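So you can see what is in the structure, the chains are spelled out below.
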Amino acid sequence: MASKKVKKEIRDWAIFAGVLLILYFTGLHTNVAAFAQRMVLATGIANPKTEISSEPSQADYNFSLTGLDGELLDFKDTKGKVVFINFWATWCAPCIAEMPSIQELYDTYEANENVVFVMINVEGNLKKVNKFLDKKEYTFPVYFINSTGIPKVFDSSGIPATFVVDKDGNITYSKVGMANYSSSSFINYIENLAK
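The following refers to the structure shown. Note that the structure is a prediction, hence the values are computed from the model and not measured.

Observations concerning the overall build of the chain
Phase 1: From N to C terminus, the chain includes 5 helices and 8 strands.
Phase 2: Along the chain, helices and strands appear, N-terminal first, in the series α-α-β-β-β-β-α-β-α-β-β-β-α.
Phase 3: When burial is assessed residue by residue, the chain has 41% of its 195 residues classed as buried.
Phase 4: Long-range pairs, those at least 24 residues apart, make up 71% of the contacts in the chain with a sequence separation of at least 6.

What to know about the sheet that holds strand β6 (residues 142-145)
Phase 1: Taken in spatial order, the 8 strands make up an open sheet running β1-β8-β7-β4-β5-β6-β2-β3, and their pairing is mixed. With partners counted over all chains shown, the strands left at the sheet margins are β1 (57-58) and β3 (72-74), one partner each.
Phase 2: Pairing analysis gives 5 bridges linking strand β7 (residues 161-165) to strand β8 (residues 170-176), with the strands arranged antiparallel. Counterpart to Val165 in the pairing with β8 is Ile171.

Some points on the pattern of salt bridges
Phase 1: Enumeration according to the criterion identifies 1 salt bridge in this entry.
Phase 2: As a salt-bridge pair, Glu123 and Lys128 come within 3.6 Å of each other at their nearest N and O atoms.
Phase 3: What makes Glu123 partly exposed here is its relative accessible area of 25%.
Phase 4: Judged by relative accessible area, Lys128 falls into the partly exposed class, the value being 41%.

Some remarks on the side chain of Glu98
Phase 1: Relative to the assigned elements, Glu98 resides in helix α3 (residues 93-109).
Phase 2: Buried and unpaired, Glu98 has Lys175 as its nearest opposite-charge partner, separated by 7.5 Å.
Phase 3: There is a polar contact of 3.0 Å between the side chain of Glu98 and the backbone nitrogen of Ala179.

Quick notes on helix α5 (residues 184-194)
Phase 1: For α5, the full list of buried residues reads Phe186, Tyr189, Ile190, Leu193 and Ala194. Down the axis of α5, the smallest arc covering the buried residues is 130°, so these residues share one side.
Phase 2: Those residues of α5 that are buried lie in contact with β4 (82-88), α3, β5 (115-121), β7 and β8.

Structural notes on the nonpolar core
Phase 1: In this structure, Phe84, Trp88, Phe140, Val164, Phe186 and Ile190 are the most contacted members of the largest nonpolar core, which totals 31 residues.
Phase 2: Broken down by secondary-structure element, the contributors of at least two residues to this core are β4, α3, β5, α4 (126-136), β6 and α5.
Phase 3: Residue contributions to this core peak at 7 residues, all from α3.
Phase 4: Ranked by size, the runner-up nonpolar core spans 18 residues in total, among them Leu65, Ile85, Phe163 and Val165.

Regarding the side chain of Asn180
Phase 1: Mapped onto the fold, Asn180 is located in the loop between β8 and α5.
Phase 2: At 2.9 Å, the side chain of Asn180 forms a polar contact with the side chain of Ser182.

With respect to the state of the cysteines
Phase 1: Tallying each qualifying case throughout the model produces 1 disulfide.
Phase 2: Each disulfide pairs two cysteine sulfurs, and for Cys92 the partner residue is Cys95, the sulfurs being separated by 2.4 Å. Judged by the sign of its S-S torsion, about 80°, the bond between Cys92 and Cys95 is right-handed. Cys95 matches Cys92 in its accessibility class, with the two residues each being buried.

A look at the environment of Glu71
Phase 1: Along the chain, Glu71 falls in the loop between β2 (64-67) and β3.
Phase 2: In this structure the C-alpha to C-alpha distance between Glu71 and Tyr143, which are 72 residues apart in sequence, comes to 9.3 Å.
Phase 3: Look past the residues within four positions of Glu71 in its chain and what remains in contact with it is Leu65 and Thr66.

Reading the values: rules and limits
- Residues numbered from 1 in each chain as written.
- Predicted model: local features only at pLDDT ≥ 70, side-chain atom pairs only at ≥ 80, totals over all residues.
- Heavy atoms only, no water.
- Helix = DSSP H or I, 4+ residues; strand = E, 2+ residues; numbered from the N terminus.
- Buried < 20%, exposed > 50% of the residue type's maximum accessible area, 1.4 Å probe, protein only.
- Contact = heavy atoms within 4.5 Å.
- Pairing = 2+ DSSP bridges.
- Salt bridge = Lys/Arg side-chain N within 4 Å of Asp/Glu carboxyl O.
- Lys, Arg positive; Asp, Glu negative; His and termini not counted.
- Polar contact = N/O pair within 3.5 Å; in protein donor to acceptor, adjacent residues only side chain to side chain.
- Arc of directions from axis to C-beta.
- Core = buried A, V, L, I, M, F, W, Y, C linked by side-chain atoms within 4.5 Å.
- Disulfide = S-S within 2.5 Å.

This is the structure we're talking about:
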């Protein structure tokens, strides 16, 4: 009797391990994890906190990025605007989970000259990023880090990492980890900064 129970348990674990291996080797594990995390975002648990710090850090504008089209973005050109910066990768499930909300936020402010989106891919693989963006139909602007690197003030311990710089160059928001950036509170936060 006990051996049937042990055999059943071994079989169940083997099936579970097999499913995990299939997900891993087909590359679907990231999408499955992102879907589960997107469900968490939908609950509102991960809505970003938008209280502005009484002593925000100053942004460093002394760097440039390369766009998907090969054009350089001199970060100094964003001075006087609200800048939404997000560091991400195609293999990062939390990054993928929050991207639909970032696309919604981008759609809301795409025509607003006072708001700039800087989505920084940390992989640097143009072909892979273009394929990912085309598949997901994301239209926000994506950039790669140049050899000069990123200023220390935007350095983070992980991805996704998101920063918001106000018109005066203050970093008023920073977060490592996923969040729902299409929440009404975050849209109001950006709206107030952009006035």
